[in-house]
Amino acid sequence: MEAMGKVATRAFFESLEEVRPFLAATIARDCVGAHAFPVDRDIARVLGRLGILHPDAESETGMQALLERAVKSTRAYEAHYLVKRLAEDLCLPETPVCAPCPLSKKCPSAVLPPKGGRAGRKRPAAAKRKPKMKKKRAARKRTASGRRREK
Ligand code: SF4
């Protein structure tokens, strides 16, 4: 493979019917150091939720080509590793754990607790105050009516 070079190695594996583009890209990257951004289910899921890829509309080859154009060869391995970590730790297939996700503020698919969480906690306190106000008003009314009665 070293004699073939990066481009020919990848092209060779991509030409094999049984080998998915994701695997061809991984082999080319890990065996001969080719610039590649392999897109497996994890990468497609996370970048799909982030709105960067559209896994339902794009092919695996198309998504890889897009990412390889977008990410510099010097950063591709690290970026790929970080997206994989996010996929395995937080952006899980069934239910993503979005609250601790560092991308939650930018992610269009983030599932977060309601923003009024704090306000929601304050409401019961305010609600507790209301009866006191009612009591005061009721006391005033009683006093007023008492005065009226006195008159
Ligand atoms: S915010 Fe949630 S859906 Fe978005 S990338 Fe993070 S874990 Fe995934």
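Everything quoted here is computed from the prediction, not taken from an experiment.

**Here we look at the overall build of the protein**
Moving on, step 1. A tally of regular secondary structure across the protein gives six helices and zero strands.
Moving on, step 2. For the protein, the succession of helices and strands along the chain, N to C, is α-α-α-α-α-α.
Moving on, step 3. Sorting the 151 residues of the protein into buried and exposed places 21% on the buried side.
Moving on, step 4. The long-range fraction of contacts in the protein, counting pairs at least 24 apart against all pairs at least 6 apart in sequence, stands at 50%.

**So, the environment of Ala-87**
Moving on, step 1. Summarising the element assignment, Ala-87 is placed in helix 5 (residues 73-89).
Moving on, step 2. For Ala-87, a count of 21 C-beta atoms within 10 Å puts it in the buried group.
Moving on, step 3. Sequence separation between Ala-87 and Val-46 is 41 residues, and the spatial gap between their C-alpha atoms is 6.1 Å.

**With respect to the nonpolar core**
Moving on, step 1. Counting 20 residues, the largest nonpolar core has Val-39, Ile-43 and Val-46 as its most contacted members.
Moving on, step 2. Residue assignment for this core shows that the elements contributing at least two residues are helix 2 (21-32), helix 3 (41-49), helix 4 (60-70) and helix 5.
Moving on, step 3. Here this core takes five residues from helix 2, the largest share from any one element.
Moving on, step 4. Setting aside chain neighbours within four positions, we find Val-39 in contact with Phe-22, Ala-44, Glu-60, Met-63, Gln-64 and Leu-67.

**Observations regarding the packing of helix 1 (residues 6-15) against helix 2**
Any two packed helices are characterised by how steeply their axes cross, that is the angle between the axes, and by the distance between the axes.
Moving on, step 1. Interhelical geometry of helix 1 versus helix 2 gives an angle of 150° and a closest axis separation of 8 Å. On the basis of the axis angle, helix 1 is roughly antiparallel to helix 2. In terms of crossing hand, the pair formed by helix 1 and helix 2 is right-handed. Taking contact as the criterion, the partners of Lys-6, Thr-9, Arg-10, Phe-13 and Glu-14 in helix 1 are, on helix 2, Pro-21, Ala-24, Ala-25, Ile-27, Ala-28, Cys-31 and Val-32.
Moving on, step 2. Of the residues assigned to the contact of helix 1 with helix 2, the class counts are eight nonpolar, one polar and three charged.

**Structural notes on the confidence of the model for the protein**
Moving on, step 1. Confidence in the prediction for the protein averages 84 pLDDT; 76% of positions are at 70 or higher.
Moving on, step 2. Per-element confidence in the protein is highest for helix 3, whose mean pLDDT is 98, and lowest for helix 6 (residues 117-150), whose mean pLDDT is 53.
Moving on, step 3. Low confidence marks residues 119-129, where pLDDT is under 50. Its contacts with residues over four positions away, or in another chain, come to one contact.

Conventions and cut-offs
Residues numbered from 1 in each chain as written. Predicted model: local features only at pLDDT ≥ 70, side-chain atom pairs only at ≥ 80, totals over all residues. Helix = DSSP H or I, 4+ residues; strand = E, 2+ residues; numbered from the N terminus. Buried ≥ 20, exposed ≤ 12 C-beta atoms within 10 Å, placed from the backbone. Contact = placed C-beta atoms within 7 Å. Core = buried A, V, L, I, M, F, W, Y, C linked by C-beta atoms within 7 Å. Axes fitted to C-alpha atoms, helices over the stretch in contact; angles between N-to-C directions. Parallel < 35°, antiparallel > 145°, perpendicular 65-115°, else oblique. Left-handed = near helix turned anticlockwise from the far one by under 90°. Nonpolar A, V, L, I, M, F, W, Y, C, P; charged D, E, K, R; others polar. pLDDT = per-residue confidence, 0-100.

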